[in-house]
Amino acid sequence: MTSSTLAQQLREAKHVVVFTGAGASAESGIPTFRDALTGLWEHFDPAKLATSDAYRGDPALCWGWYEWRRQKVVRAQPNEAHRAIAEFAKRVPKLTLVTQNVDDLHERAGSQDVIHLHGSLHSPRCIDCGQAYTLPLTSDALPEDGSRIEPPQCSACGGYVRPGVVWFGEMLPEDAWSSGLAAAEKCDVFISIGTSGIVYPAAELPLRALGHGATVVHINPERFNISSREHFLQGQASVLMRGLLTEAFGDPLVTECFVE
Ligand code: APR
């Protein structure tokens, strides 16, 4: 499929689902999970830090790692891909944005009602009683390299505070999953951006959309295997999403100038 065919389908679509993974935030400087990276990610396997057992086994290591990531997010800015998705939502009759990302860059780019399948770095809670915990936005004292930080303790029960993300082996938030699934099964175009597609059940969404007759397009700089019924646009999310927006609906800035 060429980008102009997709642009045409987007113009005609009644319901578009955009499904994002770590690659959508990569150009904002947030490291992805499975690319070759520098710093902490080189030395630790995320799958081993992102579990309840890992956290209980070494809370300071895990909390330090999550605080390092949270600080990166707080300092990052949304990129063109985040902004183009928010623009698309204003131009199609219905757009559902489902993300695996635990950052808030979609919201900061103007997207509303984002479905977070894997929770958020910004909603920590007690690991024992579940009480929500309010974190200061950022701290200059936090180390860049994610060294060990003792987690805060819950004011209700004294348990450790944990990040509000979904760890391996945990269920996805039920509302998020059922809303994401329902959208995938109803949409006519499903755009999957910057995900390696190997973490289930999230990775099931494009397949569900395909099974219900949607056009499914993957946007990624790295090619991977897809079925003959799916489509692939190879390149960076920012470039391709901005290009698609312009091709489908014209340059938003130019349009706004004409309106004025
Ligand atoms: N534009 C688009 N895609 C990109 C870009 C970019 N600029 N840069 C990298 N990518 C792609 C990579 O090629 C890779 O396919 O983004 C993908 C990122 O894959 P992962 O790191 O595996 O991230 P993701 O698919 O979101 O991981 C899923 O796994 O660890 C868990 O809960 C975590 O939500 C996460 C889930």
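These figures come from a predicted structure and were not determined experimentally. (Residues numbered from 1 in each chain as written. Predicted model: local features only at pLDDT ≥ 70, side-chain atom pairs only at ≥ 80, totals over all residues. Heavy atoms only, no water.)

1. Thoughts on the site of the ligand
1) Next: Around the ligand, the structure places 21 residues, and the nearest of them are Phe33, Arg34, Thr195, Ser196 and Asn220.
2) Next: Within the backbone of Gly23, a nitrogen or oxygen atom sits 3.4 Å from an oxygen atom of the ligand.
3) Next: When isolated, the ligand has an accessible area of 740 Å², and the protein chains bury 93% of it.
4) Next: Here the shell around the ligand takes three residues from helix α2 (residues 22-26), the largest share from any one element.
5) Next: Looking at the shell around the ligand, its residues break down into seven nonpolar, ten polar and four charged. (Near = heavy atom within 4 Å. Polar contact = N/O pair within 3.5 Å; in protein donor to acceptor, adjacent residues only side chain to side chain. Areas by Shrake-Rupley, 256 points an atom, 1.4 Å probe, with all protein chains shown as cover. Helix = DSSP H or I, 4+ residues; strand = E, 2+ residues; numbered from the N terminus. Nonpolar A, V, L, I, M, F, W, Y, C, P; charged D, E, K, R; others polar.)

2. A closer look at the layout of surface pockets
1) Next: Estimated volume of the largest pocket: approximately 820 Å³.
2) Next: If you go around the largest pocket, you meet 41 residues; those closest to its centre are Ala22, Phe33, Arg34, Thr195 and Ser196.
3) Next: Sorting the residues of the lining of the largest pocket by element identifies α2, α6 (59-75) and β7 (215-220) as the ones contributing at least two each.
4) Next: Each residue belonging to the lining of the largest pocket can be placed in one class, and the counts come to 21 nonpolar, 14 polar and six charged.
5) Next: Here the lining of the largest pocket spans two domains, and each of domain 1 (1-29 + 78-118 + 172-260) and domain 2 (31-75 + 121-165) adds at least three residues to it. (1 Å grid on protein atoms, 1.4 Å probe; cavity = no way out; pocket = protein on both sides within 12 Å on 5 of 7 lines; lining within 4 Å. Points joined across faces, edges and corners; volume = space filled by probe spheres on them. Domains from an automatic or database assignment.)

3. Examining the sheet that holds strand β2 (residues 95-99)
1) Next: In space, the six strands of this open sheet follow the order β3-β2-β1-β6-β7-β8, with parallel pairing throughout. Two strands close off the open sheet at either side, each with one partner strand: β3 (115-116) and β8 (231-234).
2) Next: Relative to β7, strand β6 (residues 189-193) is paired through five bridges, and the arrangement is parallel. Within the sheet, the bridge partner assigned to Phe190 lies in β7 and is Val216.
3) Next: Its contacts with the sheet place helix α1 (residues 3-12) against β1 (16-20), β6, β7 and β8, and it is angled at close to 130° to β6. (Pairing = 2+ DSSP bridges. Contact = heavy atoms within 4.5 Å. Axes fitted to C-alpha atoms, helices over the stretch in contact; angles between N-to-C directions.)

4. Digging into empty space enclosed by the protein
1) Next: The full count for this structure, using the stated rule, is two cavities of 30 Å³ or more.
2) Next: If you add up the space inside the largest cavity, you get close to 120 Å³.
3) Next: Contributing to the lining of the largest cavity are 13 residues, with Ile30, Phe33, Arg69, Val102 and Asp103 lying nearest its centre.
4) Next: At the level of secondary structure, the elements contributing two or more residues to the lining of the largest cavity comprise α2 and α6.
5) Next: Among the domains, domain 1 (1-29 + 78-118 + 172-260) and domain 2 (31-75 + 121-165) are the pair contributing at least three residues each to the lining of the largest cavity.
6) Next: Taken as a whole, the second largest cavity spans an internal volume of roughly 30 Å³.
7) Next: Secondary structure elements with two or more residues in the lining of the second largest cavity: α6 and β4 (119-126).
8) Next: Broken down by element, the lining of the second largest cavity gets its largest block of residues, four residues, from α6.
9) Next: Of the residues assigned to the lining of the second largest cavity, the class counts are six nonpolar, no polar and two charged.

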